[in-house]
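Survey of secondary and tertiary structure
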Amino acid sequence: MKTVAIIPAAGSGVRMGTAKAKQFLELNDRPLLALTLDRFQQCTVIDAVILVVPLMDVEYCRTSIVNKFGLTKVVKIVPGGERRQDSVRLGIEATGGIYGLVMVHDGVRPFVDSDLIERALDACHENRAVITALPANDTVKEVDRDGFVKKTYDRQYVWLVQTPQVFRYEDLISAHKEALSRGWKEVTDDALLMEKMGIPVKVIPGSEKNIKITSPADLEQARCCIGALSNPDF
Ligand code: C5P
C-alpha cells in the first residue's frame, strides 16, 4: 500500500507572538517547516507529501521552501482551512484517493525521524489506526472554569499524544466527511474522529525529541536541540 504524508501547516501561530507564523520561523537558517518536510523527504517508506499552508503562503512555500530545499516528494501544496481539522480534510481530499495509507504530521514538529515514521507505519499494517504518544510524567487534572480541580486522572492510563498518526485512507476520509456533516468541532487530532467512528486506535511510543513548537519556550528548546540558529523575528 502506498503512503502519503499530510503535513498541516496552515495555522496562524498566534501563541508565538511573532510577525511570522511559527512554521516559518527559522532554525539553523531554514524555515522550521523545511526541516519537518525534509524528514519525510529522507524517509524511504513515504511515497508522497501533501503540504497544507495558509492561502497567502502557497507561493512562498513553493519557491522558498519546496523548490529551494529540493523537497521533491511534495506533490501538492494546498490552502488550509479555519481549524486544523479543516486543513487536514483539505489535504486528504487533495490526495485523489490513490494512497492506501495516510500519515498526518504537524508541520511544527521538526524533530520527527525515520525510526518513528517507520514504527508508526509498521504498526498500521496490523491496526486500523495508529497514534504515537508518551506516558504522562506529571499528574493530569481536569479544572473547572473557576479554577478548581474537578477530577484527577490515574496517571498510569494517561498518555500525551503526538503526531505522526497513521490511518487507512477510507477510514480517514469517511470520518472527516462525517465530522463535517454532523458539525463535530474541537477535533484536535484525527484519532478523535476514529474514536467517534468506533474504530480502535493503537497507541505506540512516541519520542521525547518530537516536540511541537507552539510557544517561544518551545522555540528556545528547539534551538538547544539543533544548536546555533538565526531568527530575525525572535
Ligand atoms: O493548533 P495546533 O498548534 O495543534 O497545530 C498543529 C498543526 O496544525 C500546526 O502545524 C498548524 O500549522 C496546523 N494547523 C493547520 N490549520 C489550522 C490550524 C493549525 O494546518 N487552521
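You'll find the structure just up there.
Notes on the structure follow. (Residues numbered from 1 in each chain as written. Predicted model: local features only at pLDDT ≥ 70, side-chain atom pairs only at ≥ 80, totals over all residues. Heavy atoms only, no water.)

1. Brief notes about the overall build of the protein chain
Basically, it comes down to this: The secondary structure listing takes helices from DSSP runs of H or I that are at least 4 residues long and strands from runs of E that are at least 2 residues long, numbered from the N terminus. The atom set for the radius of gyration is the C-alpha atoms, and the globule formula is 2.2 Å times the number of residues raised to the power 0.38. The rule is simple: take the accessible area with a 1.4 Å probe, protein chains only, and divide by the maximum for that residue type; under 20% is buried, over 50% is exposed, in between is partly exposed. By definition, residues are in contact when any of their heavy atoms lie within 4.5 Å. Computed with the Shrake-Rupley method and a 1.4 Å probe, the accessible areas treat only the protein chains shown as cover for residues.
When helices and strands are tallied, the protein chain shows seven helices and eleven strands. Its C-alpha radius of gyration of 17 Å places the protein chain within 12% of the 17 Å reference for a compact globule of 234 residues. Taken over the C-alpha atoms alone, the protein chain extends approximately 45 × 40 × 35 Å along its principal axes. Scored against the burial criterion, the 234 residues of the protein chain give a buried share of 50%. Of all intrachain contacts in the protein chain linking residues separated by at least 6 positions in sequence, the fraction that spans at least 24 positions is 74%. Surface exposure of the protein chain reaches about 11600 Å², of which carbon and sulfur atoms provide 50%.

2. Brief notes about unusual backbone geometry
For the peptide bond that leads from Thr163 to Pro164, omega is 10°, which places it in the cis range. Along the polypeptide, Pro164 turns up in strand E10 (residues 159-168). For Asp29, which is not a glycine, the phi torsion comes out positive at approximately 65°. With respect to the secondary-structure elements, Asp29 resides in the loop between strand E2 (26-27) and strand E3 (30-31).

3. Notes on the nonpolar core
The line we're drawing: Think of a nonpolar core as a cluster: buried Ala, Val, Leu, Ile, Met, Phe, Trp, Tyr and Cys residues, connected wherever their side-chain atoms sit within 4.5 Å.
Formed by 34 residues in total, the largest nonpolar core has its most connected members in Leu33, Leu37, Phe40 and Leu51. Elements with a contribution of two residues or more to this core: strand E1 (3-8), helix H1 (32-42), strand E4 (48-53), helix H2 (58-67), strand E5 (74-79), strand E6 (101-104) and helix H4 (114-123). Looking at this core element by element, the count peaks at five residues for H4. In contact with Leu37, not counting residues within four places along its chain, are Ile7, Val49, Leu51, Ile65, Leu71 and Val74. Core analysis: the next-biggest nonpolar cluster, separate from the first, contains 25 residues, Tyr99, Tyr169, Ala175 and Ala179 among them.

4. Some points on the packing of aromatic side chains
Keep this limit in mind: Working definition: rings of Phe, Tyr and Trp (its six-membered ring) pair if their centres are within 6.5 Å, and the pair is stacked with planes under 30 degrees apart, edge-to-face with planes over 60 apart, and tilted otherwise.
With the rule as written, the count across this model stands at one aromatic pair. Considering the side-chain rings of Phe24 and Tyr60, the 5.3 Å spacing of their centres and the 85° angle between planes classify their relative orientation as edge-to-face. Of this pair, Phe24 sits in the loop between E1 and E2 while Tyr60 is found in helix H2, placing the two residues 36 residues apart along the sequence. Residue Phe24 is classed as buried on the basis of its relative accessible area, which comes to 5%. Assessed through its relative accessible area of 29%, Tyr60 is described here as partly exposed.

5. Observations concerning the side chain of Asp171
Mapped onto the elements of the fold, Asp171 is located in helix H5 (residues 169-182). Aside from chain neighbours lying at most four places away, what touches Asp171 is Arg128, Met194 and Ile199.

6. A short note on the sheet that holds strand E7 (residues 129-135)
Our working definition: For two strands to be treated as a pair, DSSP must find at least two bridges joining them. Only C-alpha atoms enter the line fits that serve as axes; for helices the fit covers just the stretch in contact. Angles between N-to-C directions range over 0 to 180 degrees.
Read across the sheet, seven strands follow the order E5-E4-E1-E6-E10-E7-E11 without closing on themselves; strand pairing throughout is mixed. Of all strands in the sheet, those bounded by a partner on one side alone are E5 and strand E11 (201-205). Across the sheet, the mean angle separating the axes of adjacent strands is 25° when strand polarity is ignored. Two strands pair when backbone bridges link them, and E1 and E4 are joined in this way by five bridges, in the parallel orientation. Residue pairing for E4: Ala5 is matched across the bridge by Val49.

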